[in-house]
Amino acid sequence: LLMVITACAVAFAHGSNDVNNAIGPFAGITEANESSTTAEVEEDSYTIPIWIFIFGGLGIVVGIVTYGHRIIKTVGKKITPLSYSRGFAAQISAALVVLLATFRGLPISTTHCVIGAVTGVGLVDSKDAINIKILKKIVVTWVVTFPAAALLGILVYMVF
């Protein structure tokens with residue numbers, strides 16, 4: 001029961017932060033289009049239409065259903081062996097970090113937080129409990145994706 005509750009807590013935290021990271025640019029474009037300006041709007045002066053949240057939520061569901069199993073397998077099995085108590089500790093810790101960041105208005109990654117928490121509970125036994133090869137692959141991916149997305153953003157913007 002605790003694992004279900006903490007999984008729901010992480011899902012709630014994910015919805016409060018990551019989904020909004022994804023729909024933020026879209027909401028900004030929608031606001032600029034409605035006001036016919038690209039000027040920065042005052043905080044809290046724009047109400048995001050509910051359909052944008054629904055659009056973002058549907059995108060998350062489609063992503064989970066189509067490719068989510070690969071991430072679930074990596075985080076749940078490949079980084080370190082997880083027991084119920086380790087899973088609980090990792091889930092609740094990640095959810096709390098994401099929610100604290102959300103309350104501060106900081107866009108962070110739930111995935112980073114969960115992987116950090118899973119790694120943390122694995123380190124309680126020893127560093128040998130962590131699959132360093134998988135963890136290195138994840139960290140390299142994190143480092144590469146930021147500049148890759150930035151460069152792709154530049155290229156797409158310049159082309160279109």
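Cut-off values and rules
- Numbering of residues starts from 1 in every chain and runs along the sequence as written.
- Under the rules for a predicted model, residues below a pLDDT of 70 receive no local features and side-chain atom pairs below 80 are neither given nor counted, while totals for whole chains, interfaces and linings still include all residues.
- Where side-chain values are given, they derive from all heavy atoms of the structure, hydrogens and water being excluded.
- Only Phe, Tyr and Trp rings take part, Trp by its six-membered ring, and two of them pair if their centres are within 6.5 Å. Stacked means planes under 30 degrees apart, edge-to-face means over 60, and tilted covers everything else.
- Only runs of H or I of at least four residues qualify as helices and only runs of E of at least two qualify as strands under DSSP, and these elements are numbered from the N terminus.
- Only protein chains enter the accessibility calculation, which uses a 1.4 Å probe. A residue is then buried if its area is under 20% of the maximum for its type, exposed if over 50%, and partly exposed in between.
- The sign given to each residue is positive for Lys and Arg and negative for Asp and Glu; His and the chain ends receive no count.
- Salt bridge criterion: a side-chain nitrogen from Lys or Arg within 4 Å of a carboxyl oxygen from Asp or Glu.
- Any pair of residues with heavy atoms lying within 4.5 Å of one another is described as a contacting pair.
- Axes here refer to lines fitted to C-alpha atoms; in helices the fit is confined to the stretch in contact. Angles between the N-to-C directions go from 0 to 180 degrees.
- In a left-handed crossing the near helix is turned counterclockwise from the far helix by less than a right angle, and in a right-handed crossing that turn is clockwise.
- In this classification, Asp, Glu, Lys and Arg are treated as charged, Ala, Val, Leu, Ile, Met, Phe, Trp, Tyr, Cys and Pro as nonpolar, and every other residue, Gly included, as polar.
- Put simply, a nonpolar core is a bunch of buried Ala, Val, Leu, Ile, Met, Phe, Trp, Tyr and Cys residues held in one set by side-chain atoms that sit within 4.5 Å of each other.
- Surface patches are defined over residues having more than 30% relative accessible area and no salt bridge, joining like charges when they lie within 9 Å and nonpolar side chains (Val, Leu, Ile, Met, Phe, Trp, Tyr) when within 5 Å.
- Calculation of accessible area relied on Shrake-Rupley with a 1.4 Å probe; when residues are assessed, cover is drawn exclusively from the protein chains displayed.
- All charge positions are set by atom: Lys at NZ, Arg at CZ, Asp at CG, Glu at CD.
- In this analysis, the expected span of each helix is defined as 1.5 Å times one less than the number of residues it contains.
- One axis is fitted to the seven residues ending at the residue and one to the seven starting there. The bend at that residue is the angle between these axes.

Q: Would you mind going over the packing of aromatic side chains with me for this structure?
A: The description of two aromatic rings rests on the distance between their centres and on the angle between their planes. Applying the stated criterion to the full structure yields 2 aromatic pairs. Plain terms: the ring middles of F26 and W51 are 5.6 Å apart, the flat faces sit at 85 degrees to each other, and that makes the pair edge-to-face. On the criterion of sequence distance, the pair formed by F26 in helix α1 (residues 2-35) and W51 in helix α2 (residues 50-78) is long-range, its members being 25 residues apart. Members of the aromatic cluster, each reached through a chain of ring pairs, are F26, W51 and F55.

Q: Sorry if this is basic, but what is going on with the side chain of D18 here?
A: Relative to the elements of secondary structure, D18 occurs in helix α1. R104 is the oppositely charged side chain nearest to the buried, salt-bridge-free D18, at an N-O distance of 16 Å. Apart from residues lying up to four places away in sequence, D18 is in contact with I108, S109 and T110.

Q: Just checking my understanding: could you explain the packing of helix α3 (residues 84-103) against helix α4 (residues 110-123) for this structure?
A: Each packed pair of helices is defined by two parameters, the angle between the axes and the distance between the axes. The geometry of α3 relative to α4 is characterised by a closest axis approach of 8 Å and an angle of 140 degrees between their N-to-C directions. Like other packed secondary-structure pairs, α3 and α4 cross with a definite hand, here right-handed. On α4, the residues touching R86, A89, A90, S93, A94, V97 and V98 of α3 are T110, C113, V114, A117, V118, V121 and G122. Of the residues contributing to the contact of α3 with α4, the split by class is 10 nonpolar, 3 polar and 1 charged.

Q: Just to check I follow, could you spell out the pattern of salt bridges for this structure?
A: Opposite charge on two side chains lets them pair, provided their charged atoms get close. Applying the stated criterion across every chain, the model contains 1 salt bridge. R86 is the partner of D125 in a salt bridge, and the nearest nitrogen-oxygen pair spans 1.9 Å. Of the two residues, D125 sits in the loop between α4 and α5 (132-159) while R86 sits in helix α3, which places them 39 residues apart along the sequence. On the basis of relative accessible area, R86 is assigned to the buried category, the value being 16%.

Q: Would you explain the nonpolar core in this entry?
A: Soluble, globular proteins show a tendency: their nonpolar side chains are buried together. Grouped together as the largest cluster of nonpolar side chains are 19 residues, with contacts concentrated most on I79, V114, I115 and V118. Elements supplying a minimum of two residues to this core: α1, α3, α4 and α5. Not counting residues within four places of it along the chain, the set of residues in contact with V118 comprises V75, I79, T80, L82 and A90.

Q: For this particular structure, what's the right way to read a positive patch on the surface?
A: A cluster of basic residues, R70, K73, K77, K78, K133 and K137, forms a positive patch on the protein surface. Listed by contribution, the elements that provide at least two residues to the positive patch are α2 and α5. Top element by residues in the positive patch is α2. It accounts for 4 residues. Note that K77 resides in helix α2. The class of K77 is exposed, set by a relative accessible area of 67%.

Q: How do you make sense of α1 when you look at a structure like this?
A: For α1, spanning 34 residues, the distance from its first C-alpha to its last is 46 Å, which sits close to the expected 50 Å at 1.5 Å a residue. At N21, α1 is bent by approximately 45 degrees, the largest bend along its length, and proline P25 sits one to four residues beyond. Among the residues of α1, T6, V10, A13, N17, D18, V19, I23, A27, T30, E31 and A32 are the ones counted as buried. Where α1 is buried, its residues meet α2, α3 and α4.

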